[in-house]
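Chain by chain, the residues run as shown.
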Amino acid sequence: RPVDKGENVWLVVPKDDGAFYGMTELAAWCAHPVQVYLDLLAHPERAAEAAQALREQRLQLDPETLLVIDEAGMAGTAALRELLAAASSAGTKTVLVGDGRQLSPVKARGGMFTGLCADLPWAQHLSEVWRMHDAGERAASLVIRDGDSGVLDDAVGWYRDHDRLHLGDPVAMAQDAFDAWMSDHNREGGGDSLLIADRWEIADALNERIHRHLVADDAETVTGARRHRIGAGDVVISRRNDPTIEV
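Here we summarise the structure given alongside this text. (Residues numbered from 1 in each chain as written. Predicted model: local features only at pLDDT ≥ 70, side-chain atom pairs only at ≥ 80, totals over all residues. Heavy atoms only, no water.)

## Concerning the overall build of the protein chain
Then, number 1: Each helix and strand in the protein chain was counted, giving eight helices and six strands.
Then, number 2: Long-range pairs, those at least 24 residues apart, make up 53% of the contacts in the protein chain between residues at least 6 apart in sequence.
Then, number 3: Counting only carbon and sulfur atoms, one obtains 53% of the accessible surface of the protein chain, whose full area is about 17,200 Å². (Helix = DSSP H or I, 4+ residues; strand = E, 2+ residues; numbered from the N terminus. Contact = heavy atoms within 4.5 Å. Areas by Shrake-Rupley, 256 points an atom, 1.4 Å probe, with all protein chains shown as cover.)

Take a look at the structure:
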């Protein structure tokens, strides 16, 4: 967005494939999509597309621009290198924000962000966990993140002792997970929990059971992913975030 002094602030994030696309956020002028610029380096025949992007001020990099790359740990090395090179050539200040211990992008080689955090002397590291109130849970979450085998048992023990970890056979665990999700969903005000299964067969069975409990048998439905029937009252979780879709 153009700020008071005329600078531009761009916020970009990589998707699961490690490429960069714009994300609509308040108080940020977004490059959408930055990957268009990177592709044009190898595909000059798309110059018309680039010209349109430049007219819309989506690809303008200059010394008065601040480029913020969020979730930089998910960025593919090749795309991140090209974007940093373009920003450096234009004199654009670039700020990378993320967690080097995140999973790498699915379709691209990663690791560049982790290396930059280790090599650059001005890299800043957060020392406090703010998402949890319990000090023990904060410490356990950092141990799980770091994967330190020497104290990993202590972290697992904390989750077990505080009723966060449950064991059982697959059928019993699926039933317990279903019961817990339904209880959370039905409580006053509605819950916001996520039910995750390790295999599609279990996920399909749980989705079908939840559908039968939330939607009447004679309700009008449509067919969704994996041939599931979806009707008014179902909870739908999308696999891709598209801010242009109005709900």
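## Regarding the pairing of strand β4 (residues 93-96)
Then, number 1: The sheet contact formed by strand β3 (residues 65-69) and β4 spans four bridges and is parallel. In the sheet register, Ile69 faces β4, and the bridge partner there is Leu96.
Then, number 2: You can see the chain leave β3, run along helix α3 (residues 77-89) and come back into β4, and the turn it takes is right-handed. (Pairing = 2+ DSSP bridges. Right-handed = clockwise from strand over helix to strand, strands pointing away.)

## A short note on the nonpolar core
Then, number 1: Formed by Leu67, Ile69, Ala72, Ala75, Leu80, Leu83, Leu84, Ala87 and Phe113, the largest nonpolar core amounts to nine residues.
Then, number 2: At the level of elements, β3 and α3 are the ones that each hand at least two residues to this core.
Then, number 3: A per-element tally of this core places α3 first, with four residues.
Then, number 4: Of all hydrophobic cores here, the second largest spans six residues; its members include Phe178, Met182, Ile202 and Leu206. (Core = buried A, V, L, I, M, F, W, Y, C linked by side-chain atoms within 4.5 Å. Buried < 20%, exposed > 50% of the residue type's maximum accessible area, 1.4 Å probe, protein only.)

## Notes on the side chain of His211
Then, number 1: Relative to the assigned elements, His211 resides in helix α8 (residues 200-214).
Then, number 2: The class of His211 is buried, set by a relative accessible area of 12%.
Then, number 3: Of note is the side chain of His211, whose polar atom sits 2.7 Å from the side chain of Asp234.
Then, number 4: Those residues within four positions of His211 in sequence are excluded, and the remaining contacts are Thr221, Arg229, Ile230, Gly231 and Asp234. (Polar contact = N/O pair within 3.5 Å; in protein donor to acceptor, adjacent residues only side chain to side chain.)

## As for the packing of aromatic side chains
Then, number 1: Per the stated rule, a full pass over the model turns up one aromatic pair.
Then, number 2: Look at Trp158 and Tyr159: their rings are 5.4 Å apart centre to centre, the planes differ by 85 degrees, and that puts the pair in the edge-to-face class.
Then, number 3: Here Trp158 falls in the buried class, since its relative accessible area comes to 13%.
Then, number 4: A cation over an aromatic ring shows up here: Arg209 above the ring of Phe178, its NZ or CZ 3.9 Å from the ring centre. (Phe/Tyr/Trp six-rings, centres within 6.5 Å; stacked < 30°, edge-to-face > 60°. Lys NZ or Arg CZ within 6 Å of the ring centre and 35° of its normal.)

## Considering a nonpolar patch on the surface
Then, number 1: Together, Ile144, Val156, Leu165 and Leu167 make up an exposed nonpolar region whose accessible area comes to about 360 Å².
Then, number 2: Mapped onto the elements of the fold, Leu167 is located in the loop between α6 (149-161) and α7 (170-186).
Then, number 3: Accessibility expressed as a relative area gives 76% for Leu167, which makes it exposed. (Patch = residues over 30% accessible without salt bridge, like charges linked within 9 Å, V, L, I, M, F, W, Y side chains within 5 Å. Salt bridge = Lys/Arg side-chain N within 4 Å of Asp/Glu carboxyl O.)

## Section: α8
Then, number 1: The end-to-end C-alpha distance of α8, which contains 15 residues, comes to 21 Å, matching closely the 21 Å that a straight helix rising 1.5 Å per residue would cover.
Then, number 2: Where α8 is concerned, the buried positions are Ile202, Ala203, Asp204, Leu206, Ile210 and His211.
Then, number 3: Taken together, the buried residues of α8 touch α7, β5 (221-223) and β6 (229-231). (Expected span 1.5 Å × (residues − 1).)

## Considerations on the packing of α3 against helix α4 (residues 112-119)
Then, number 1: At a minimum axis separation of 9 Å, α3 and α4 run at an interaxial angle of 55 degrees. Classified by the interaxial angle, the pair formed by α3 and α4 is oblique. Of the residues in α4, those in contact with Thr77, Leu80, Arg81 and Leu84 of α3 are Met112, Phe113 and Leu116.
Then, number 2: For the contact of α3 with α4, the per-class residue count stands at five nonpolar, one polar and one charged. (Axes fitted to C-alpha atoms, helices over the stretch in contact; angles between N-to-C directions. Parallel < 35°, antiparallel > 145°, perpendicular 65-115°, else oblique. Nonpolar A, V, L, I, M, F, W, Y, C, P; charged D, E, K, R; others polar.)

## Some details on the pattern of salt bridges
Then, number 1: In total, this model carries seven salt bridges according to the counting rule given.
Then, number 2: Of the charged contacts in the structure, one is a salt bridge between Arg187 and Asp184, with a shortest N-O distance of 2.8 Å.
Then, number 3: What makes Arg187 partly exposed here is its relative accessible area of 45%.
Then, number 4: In this structure, Asp204 and Arg226 form a salt bridge, with 2.8 Å as the shortest nitrogen-oxygen distance. Residue Asp204 is located in helix α8, and its partner Arg226 is located in the loop between β5 and β6; the two are separated by 22 residues in the primary sequence.

## Things to note about the packing of α7 against α8
Axis angle and axis distance: for two packed helices, these are the angle between their axes and the distance between the axes, and together they describe the pair.
Then, number 1: Here α7 crosses α8 at 35 degrees, and the two axes come no closer than 11 Å. For the pair α7 and α8, the crossing hand works out as right-handed. Note on element contacts: α8 touches α7 through Ile202, Leu206, Arg209, Ile210, His213 and Leu214, opposite Ala174, Gln175, Phe178, Trp181, Met182 and His185.
Then, number 2: Of the residues assigned to the contact of α7 with α8, the class counts are eight nonpolar, three polar and one charged. (Left-handed = near helix turned anticlockwise from the far one by under 90°.)

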